[in-house]
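One-letter residues, chain by chain:
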Amino acid sequence: MGEEQQVSSSYWLETAPDGRHPALEGDLDVDVAVIGAGIAGLSTAWELTRAGRSVAVLEAGRVAAGVTGHTTAKVTALHTLVYDKLRRTRGPEGARLYARSQSEAIGHAARIAEELGVDCEWETRSAYTYARDPGRVAQLRAEAEAAAEAGLPASFVTETGLPFPVAGAVEVTGQAQFHPRKYLLALAADLVERGGRIFEDTTVLGLDEGEPCRLSTATGATVRARDIVVATHYPIFDRALLFARLSTRRELVVAGTIPAGQDPDGMFITPDEDTRSVRTAPLAGDRRLLIVTGEHFTPGTSDPRARLERLTAWATGHYPDLEVTHRWATQDTEPTDTVPMVGPLHPGARHAYVATGFGGWGMTGGIMAGRLLTAQITGEECEWSGLYDPRRLKTAVREAPALLKTQAKVAGHFVGDRLRPSPPVESLPPGEGAVVRADGHRVAVYRDEDGGLHAVSARCTHLGCLVDFNAAERAWECPCHGSRFDTDGKVIQGPATKPLEQRDL
């Protein structure tokens, strides 16, 4: 398979300094332990440190190198088509609280960047949700009206900076975009300077919600803390049954340079065409980095190479001067009832909290979560605690069809994937992987470029679904809850915390 159809590294990871932190080796006592060093985890830890709490951040990989390191990094309160739905399902007050909480996150991030003096390439831009199909115009007008009613500077427009005509668009002015890793590395450095601690390569395996709470880690160390925050994108603990209310999607990204004069001057997204999202970022000289996202799919259910070709063709078709330099993929977690889940981990939780379900809008969502969780942990009031409360049941019941659809899909994979035909190992070409039968077990086998075979159990260590191979990224992926593993079974992405078991063919 040609290199043009393979995923490479994220632009954000390539262009930010690589600060490293040690792994946790000994036991530790802190006020708050935060699991996960993406934007939600680091924002929460930073806020808590400012509030006078002793904080430890535990990250299985590297700081800001997971989902946050692969985002498109739009800092906006316009989340495709959400406000018209919210005013119907949560009422006008729910839509207003959502808009205000997300908008305040934008201003808060701008103030932090200025205070820390970090050059995170912060740029103010309008955000647009557009459609090329005239049949969408009524929906866009309703969204613009609902967003304005919720308090956003929103309007319906028919002209944009895109290189093609649109039937209409919702425009919200005064939004932003930035370099997420540069921002978060500065946040991490300030956190450490103020006494917070960050541990990389430290996988959390267990949680005991006693007093104090106890976290067990793969390094053998124990962390004791009064409060625990689970900010691992998809929760690694299932005691709250949140997995029944979350679905995972993966999306491809194509990026490259264009002449600065072709900058569309805004952040754009359409729900059509299997999603297309467009923004630019600053480069030296007379060029801009164009970032195009789309072609979403459930992990472990699709060969992304054809999708990558389609996305690249779309980008180069509309921007003929585009010189593609990067291709990567991102992963999002969707709640079945629209709004992220930020607050107590489960109905009986007293000192365990969670932040998840940002649905592709984790920049404002993560910053908002940091402030909300800090308020809850320090005993302050927050106007939108109820809106984001993970324990909510009324909206989950109201939007039960989405929940049932999600669980039916999971059940289908759990049963149906075990009935797939098994190809012979001998037929695997270099660079490819497949799930085969061996001694009555399903084995995930990858053949490397030198012809060597790598065999691991095909059973995901999260809840037992069978993984499938993503050839574009050369990873094993679970279609049920989005866990991802490298070709030797090491966890790349949770909720799984343990590697796939080794198998001997």
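As the structure is a computational prediction, the values presented were derived from the model and not from experiment.

Visitor: So what's going on with the pairing of strand 13 (residues 276–282)? Which residues, and what values?
Guide: Burial analysis of strand 13 places six of its seven residues in the buried class, which makes it a mostly covered element. In terms of strand pairing, strand 12 (residues 267–270) meets strand 13 through three bridges, oriented antiparallel. Directly across from Phe-268, in strand 13, lies its bridge partner Val-278. Turn length for the strand 12-strand 13 hairpin, with the two strands adjacent in sequence and antiparallel, is five residues, and the turn residue Glu-273 shows positive phi of about 55°. The sheet contact formed by strand 13 and strand 14 (residues 287–297) spans seven bridges and is antiparallel. Residue pairing in the sheet places Thr-280 in a bridge with Leu-290 of strand 14. Count of turn residues in the strand 13/strand 14 antiparallel hairpin: four residues, of which Gly-285 carries a positive phi of about 75°.

Visitor: Quick rundown of the sheet that holds strand 24 (residues 491–493)? Include the residues and the values.
Guide: If you trace the four strands from one edge of the open sheet to the other, you get 21-22-23-24, paired in antiparallel fashion. With partners counted over all chains shown, the strands left at the sheet margins are strand 21 (468–470) and strand 24, one partner each. Where strand 23 (residues 484–485) meets strand 24, two bridges bridge the pair, whose relative direction is antiparallel. By the bridge assignment, Phe-485 is partnered in strand 24 with Val-491.

Visitor: Residues and numbers for unusual backbone geometry, please.
Guide: Glycine aside, the phi torsion of most residues is negative, and most peptide linkages are trans. For the bond running from Glu-211 to Pro-212, omega is 5°, close enough to zero to count as cis. For Pro-212, the position within the fold is in the loop between strand 8 (204–208) and strand 9 (213–217). Note the cis peptide between Gly-494 and Pro-495, where omega equals 25°. Of note in the backbone geometry, His-233 takes a positive phi value of approximately 70° without being a glycine. Assignment of secondary structure puts His-233 in the loop between strand 10 (222–230) and strand 11 (246–259). For Glu-273, which is not a glycine, the phi torsion comes out positive at approximately 55°.

About the cut-offs
Residues numbered from 1 in each chain as written. Predicted model: local features only at pLDDT ≥ 70, side-chain atom pairs only at ≥ 80, totals over all residues. Heavy atoms only, no water. Buried < 20%, exposed > 50% of the residue type's maximum accessible area, 1.4 Å probe, protein only. Helix = DSSP H or I, 4+ residues; strand = E, 2+ residues; numbered from the N terminus. Pairing = 2+ DSSP bridges.

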